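# Breakdown of the fold
Next come the chains, spelled out residue by residue.
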Amino acid sequence: MNRPFLRPLLAVGVFLFLAAALPAQTVSPQQAQQLLQGRPDLLNQLRQRLGGSGLTPDQIRARLRAQGYPDNLLDSYLQSDGRSGSTGATEPTGAPGAVGGVPGAAGGTNGNSAMPTSDVFQALRELGIADSSDFDFPGDTNRTKRITGDSLQTPFDSTLDSRIPTDVRGRDGRRLTPYEQYLYLRADSIQRDSGLKVFGMDLFSQRNASQFDANLAGPVDPSYRLGAGDRLVLILTGDVEQAYTLDVTREGFVVIPQVGQISVANLTLAQLEDLLYSRLGRSYSGIRRGANATTRFSISVARLRSNQIFVVGEVARPGSYRVSAAGTALTALYAAGGPTMNGSLRAIQIRRNGRSVGTIDLYDYLTQGDASHDARLLNGDIVFVPIHTGRVRVLGEVNRPGTYEVGTSGSLAEIVRAAGGMLPTAARSRIQIERLTPMRDRTRPGSDRAVLDVSGSGGADVPALALVDGDVVRVLKVADRVRNRVLIRGNVFTPGAVGLTSGMKLSDAIRKAGGLKPDTYLGQVLITRLNSDSTRTQLRAALADTIGNVVNDPNLQEEDEVRVFGRSEFRPLRYVAVTGAVRRSGRYPYHEGMTMRDLVLLAGGLQESALLTEAEVARMPVSRADGATASTMRVPMDSSYLFERGMDGRYAGPPGLPGAASGSRDVVLQPYDNLLILRQPDWELQRSVFVGGEVKYPGSYTLVKKSERLSDLIVRAGGLTGEAYADGVNFSRRRNRVGRIGVNLPAVLRSAQDEDNIILFDGDSITIPRYDAVVRVDGAVNSPTALPYVKDKDMQYYIRAAGGGRLDADLARTYVTQPNGRVDAVSRRFLLPDGQPTPRPGAVVTVPKRDRTERQDTLAARTQIASIIGTFAAVIASLATIIIQTR
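Since the model is a prediction, treat every value here as computed from it, not as a measurement.

## Structural notes on the overall build of the protein chain
Scanning the protein chain from N- to C-terminus turns up 19 helices and 40 strands. A total of 887 residues make up the protein chain; the buried ones form 38% of that total. Of all intrachain contacts in the protein chain linking residues separated by at least 6 positions in sequence, the fraction that spans at least 24 positions is 60%.

In structure tokens, the structure reads:
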């Protein structure tokens, strides 16, 4: 029988997770590889599956061979554990083109092989290692029921889409499926107060596959019953030193050397120990109960068997599962993915031999940690999850708002307890229930729902009122209004609410608020009183002193608001200002006794340019006659205002005008004074100019005076070199973003009185190039190029030499940029030929493009002018005709 090459069980585990993570999608080998790298726990699951199979490596190979598979298919995952040839999982050996030892999982020659089909599940079923329902494979046709993203709904799925923000979309921009909407709404931040989160469903949404697995490594509890597939270890000590590994056969017995066959099926370990005292005592005389025994024994379970359990009903993945014999109903239920949104959490049934042997209410486990009803399963048991028994929503002041299953009793008290009980802010005397009206009572439109108000017994206990499916329980909040208080605001040390006591007076409330501040205004305290009709009355009182004594101390009432004023509230914001040669000009708060030196300190001290002999203070005028707004006065300063000094007390700043001798009188400022720190006349830092190119000593030169000119700098730079081209000087100015300036340097060099011998400024740059005997032609010409300079030739000569102007050339606006930066244009002459500029060596002739918009405007203007002229001509002709006729 020719079968395709199948990937081993590691790939099965990889695709199991991918099928859950990517529903209804094809799982590629590359996805399997990425998942394996991020999920090493999948390999541990496969180890547990192989270790719990109860088959030796030889038995697995024999079964593979009998079913037509290669007998070495799983060799890389099997090893002898040294105990009668039993199997255990080991780290698979890696190979090129394999994921964790899985041939063909990614890369290699098998990277494009077909995905595992139903043959894989058939092989697993025939090996007895796992049932096909344990895995969720693309292409699996043996599953009784598939679960897809669109098949999962919430109990309120008809309104899902309306509760999802419009900007929430999937990765590809599509709208969310109902299942994705459900996952979005299950986020705690969204559903904390909505009550849409179904309580208990997240118990089975965890990705930890071993959450409810039985403890396979530790000892079993005394209630564990032995059965076929278990492995026991019998150890004899004392007169006899011996150890035996005993496998429980399918018939339920073990064979002990020198003792014989013993039936152990359905016995607990305690019962087996009693039986062994009897049977072993026949073969070993030293084995007996009591302290005089010379031979002792111990019996333990070395390996647990696995049972076949069926999980059906409203579960995510119904089917058959291999569950450890120590496993319980929760173990099987978790393996099946837990109940669906329609499944019950409170009426899960365990069926055995056609009858119910137990019912599990998961709310006992979730709310009380009580798992006493979680029965241990036997081979062939059925775990059945029915439709839920009805659900209600609990909102408001409870610890866990959510959707809860009613259960068998379905009382309000039980559901509130499941929701964690009420918060301290709950109005226990009133609980509101929104209930669907029975079908028979919906006789008129708008009568589908009704609201019931439930009052607790004495306002403390929740009544045991029966709830029905669809109820919405709202535990209301107590009123926000706070009673038995007065409010103290304003100029007290601890403003806020103060508890009202019988006979409390205003002075009592002030003392409870910490007392008055020293700057309290004593003239009046306002008391606002709430009337019974919610209007307010304004009362007032006067303070006797800042200790808190009140003149005619009035009694306070509930909800009174007391307002105490401070004198600083009525004080205008007074300031002084400083400008001029200080580091931080601006306004500063005025303080009594503030001096000019204080203000200079607040302003960060003086700048280097500050004049140290005097300053100017502008003050509010005494009289505003004749429109006066300020009066000014000059006040003395000295060098002591220079606060930055060295260790020897000397100021290390730049030199300037000498200041007055120290010891001048400090000036006391008044509110709103404006202090102006004067600057030293003509003070400024050094200015530098760059000169480069064909000069003898190029570099950055510092100007020695403000009137230094271009010719002076050329002399300081040693004059021009023999290769210098003075007419091509590039003079640029950074100040005010002037840019390039065209100067006639040869004329400046001939005469220092020439008008182009301009004064230099900080940042100027002068570059003198070498002689360049070419003229460049740019713009709208047929062949822009550089041409040799020809003496006395005008620009038309160079335009013709460049192929002439293009069709879009505006020859009338051609201009020449001379090598020194000056621009020459065509000179228009009346009744004479236009004057054409003559380019000099290094010049650039530019022919601009014609502006089509301007041409259209010109044509339109000419058309309008022609129309106007025609109109005038017609008018003149008409007038002439009239004049002739009148004569």
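After that view of the structure, there is still more to cover.
## Quick word on the nonpolar core
Core analysis: the biggest nonpolar cluster contains 41 residues, and Phe204, Val311, Leu333, Leu362, Val383, Tyr404 and Leu412 have the highest contact counts within it. The element that contributes the greatest number of residues to this core is helix α10 (residues 329-335), accounting for five residues. When residues no more than four places from it in sequence are discounted, the contact partners of Leu412 are Ile431, Ile433, Val454, Val462, Pro463, Leu465, Leu467 and Val473. Counting 26 residues, the second-largest nonpolar core is a separate cluster that includes Val259, Leu269, Ile287 and Ile299.

## Concerning the sheet that holds strand β39 (residues 823-825)
Spatial ordering of the open sheet is given by β37-β36-β40-β38-β39, a layout of five strands whose pairing is mixed. Whereas interior strands pair on both sides, the edge strands pair on one side only; in this sheet they are β37 (785-788) and β39. Taken over all neighbouring pairs, the strand axes of this sheet differ in orientation by 25° on average, direction set aside. Pairing of strand β36 (residues 774-779) with strand β40 (residues 844-847), which is carried by four bridges, proceeds in the parallel orientation. Residue Val777 lies in a different strand from β40, and its bridge partner there is Val845.

## Structural notes on empty space enclosed by the protein
One way to see where empty space is left: roll a probe the size of a water molecule over the atoms. Per the counting criterion, the structure on display carries four cavities of 30 Å³ or more. A volume near 60 Å³ is recorded for the second largest cavity. Contributing to the lining of the second largest cavity are Leu330, Ile360, Asp361, Leu362, Asp364, Tyr365, Asp370, Ala371, Ser372, His373 and Asp374. Per-element accounting of the lining of the second largest cavity gives the leading share, three residues, to helix α11 (residues 362-368). Tallied by class, the residues present in the lining of the second largest cavity amount to five nonpolar, two polar and four charged.

## What about the pairing of strand β5 (residues 231-238)?
One ladder, built from six bridges, connects β5 with strand β6 (residues 242-247); its direction is antiparallel. Pairing of Leu232 across the sheet is with Leu246, part of β6. What sits between β5 and β6 in their antiparallel hairpin is a turn of three residues.

## Details of the packing of aromatic side chains
On inspection of all chains with the given rule, the structure shows ten aromatic pairs. Ring plane angle 35° and centroid distance 6.3 Å describe the contact between Phe204 and Tyr334, whose orientation is recorded as tilted. You can see Phe204 sitting in the loop between α8 (188-191) and β5 and its partner Tyr334 sitting in helix α10, a full 130 residues away along the chain. A relative accessible area of 9% means that Phe204 is categorised as buried.

## A closer look at the pattern of salt bridges
It is possible for side chains of opposite charge to pair when their charged atoms get near one another. Inspection of every chain in the model, using the stated rule, returns 34 salt bridges. A salt bridge links Asp560 to Arg529; the nearest nitrogen and oxygen atoms lie 2.8 Å apart. Of this pair, Asp560 sits in the loop between β24 (550-551) and β25 (561-564) while Arg529 sits in strand β22 (residues 525-530); the two residues are 31 residues apart in sequence, bridging distant segments of the chain. Residue Asp560 shares its accessibility class with Arg529, and that shared class is buried. One network of salt bridges, in which partners are shared, links Arg346, Asp361 and Glu414.

## Observations concerning the side chain of Thr520
Relative to the helices and strands, Thr520 resides in the loop between α13 (506-512) and β22. When its relative accessible area of 0% is taken as the criterion, Thr520 is described as buried. Side-chain polar atoms of Thr520 contact the side chain of Asn491, separated by 3.0 Å.

## Some thoughts on the environment of Val264
Mapped onto the elements of the fold, Val264 is located in the loop between β8 (260-263) and α9 (269-283). Under the relative-accessibility criterion, Val264 is labelled buried at 0%. When the C-alpha positions of Val264 and Ala228 are compared, they lie 9.0 Å apart, and in sequence the two are 36 residues distant. With sequence-adjacent residues up to four places away left out, Val264 is seen in contact with Leu226, Val248, Gly252, Phe253, Val254 and Leu272.

## Considerations on a nonpolar patch on the surface
Where nonpolar side chains cluster on the molecular surface, the patch consists of Phe310, Val312 and Ile382 and spans about 190 Å² of accessible area. You can see Phe310 is positioned in strand β10 (residues 306-313). Judged by relative accessible area, Phe310 falls into the partly exposed class, the value being 31%.

## With respect to unusual backbone geometry
At Asn266, a position not held by glycine, the phi torsion is positive, near 70°. Under the relative-accessibility criterion, Asn266 is labelled partly exposed at 49%. Of note, the phi angle at Asp792 is positive, near 65°, even though the residue is not glycine. Since its relative accessible area comes to 63%, Asp792 is described here as exposed.

## Considering α9
The end-to-end C-alpha separation of α9 is 21 Å, in line with the 21 Å expected for 15 residues at 1.5 Å each. The largest bend along α9 reaches roughly 25° and is located at Leu276. Of the residues making up α9, those classed as buried are Leu269, Leu272, Leu276 and Leu280.

## Structural notes on the confidence of the model for the protein chain
Chain-level statistics for the protein chain give a pLDDT mean of 79 and a share of 73% at 70 or above. This stretch, residues 79-125, has a pLDDT under 50; its non-local contacts, to residues over four places away or in other chains, come to 121 contacts.

## Looking at the side chain of Asp727
The topology assignment puts Asp727 in the loop between α16 (710-716) and β33 (730-733). Apart from residues lying up to four places away in sequence, Asp727 is in contact with Pro746, Pro819, Asn820 and Arg840.

## As for the sheet that holds strand β34 (residues 739-741)
Overall, mixed pairing links the five strands, which are arranged β32-β31-β35-β33-β34 in an open sheet. The sheet is open, and its two borders are formed by β32 (699-702) and β34, each paired with just one other strand. Neighbouring strand axes in the sheet, compared pairwise and without regard to direction, differ in orientation by 25° on average. Pairing analysis gives four bridges linking strand β31 (residues 688-693) to strand β35 (residues 765-768), with the strands arranged parallel. What sits directly across from Phe690, in β35, is Ser765.

## Description of the pairing of β10
Along any regular strand the residues' side chains alternate between the sheet's two faces. In the sheet, β10 pairs with strand β11 (residues 319-324) via six bridges, with the strands oriented antiparallel. Looking at β11, one finds that Phe310 is bridged to Ser320. The hairpin formed by β10 and β11 contains five residues between the paired strands. The pairing of β10 with strand β14 (residues 382-385) spans four bridges and is classified as parallel. By the bridge assignment, Val311 is partnered in β14 with Val383.

The rules behind these values
Residues numbered from 1 in each chain as written. Predicted model: local features only at pLDDT ≥ 70, side-chain atom pairs only at ≥ 80, totals over all residues. Heavy atoms only, no water. Helix = DSSP H or I, 4+ residues; strand = E, 2+ residues; numbered from the N terminus. Buried < 20%, exposed > 50% of the residue type's maximum accessible area, 1.4 Å probe, protein only. Contact = heavy atoms within 4.5 Å. Core = buried A, V, L, I, M, F, W, Y, C linked by side-chain atoms within 4.5 Å. Pairing = 2+ DSSP bridges. Axes fitted to C-alpha atoms, helices over the stretch in contact; angles between N-to-C directions. 1 Å grid on protein atoms, 1.4 Å probe; cavity = no way out; pocket = protein on both sides within 12 Å on 5 of 7 lines; lining within 4 Å. Points joined across faces, edges and corners; volume = space filled by probe spheres on them. Nonpolar A, V, L, I, M, F, W, Y, C, P; charged D, E, K, R; others polar. Phe/Tyr/Trp six-rings, centres within 6.5 Å; stacked < 30°, edge-to-face > 60°. Salt bridge = Lys/Arg side-chain N within 4 Å of Asp/Glu carboxyl O. Polar contact = N/O pair within 3.5 Å; in protein donor to acceptor, adjacent residues only side chain to side chain. Patch = residues over 30% accessible without salt bridge, like charges linked within 9 Å, V, L, I, M, F, W, Y side chains within 5 Å. Areas by Shrake-Rupley, 256 points an atom, 1.4 Å probe, with all protein chains shown as cover. Expected span 1.5 Å × (residues − 1). Bend = angle between axes of the 7 residues up to and from the residue. pLDDT = per-residue confidence, 0-100.

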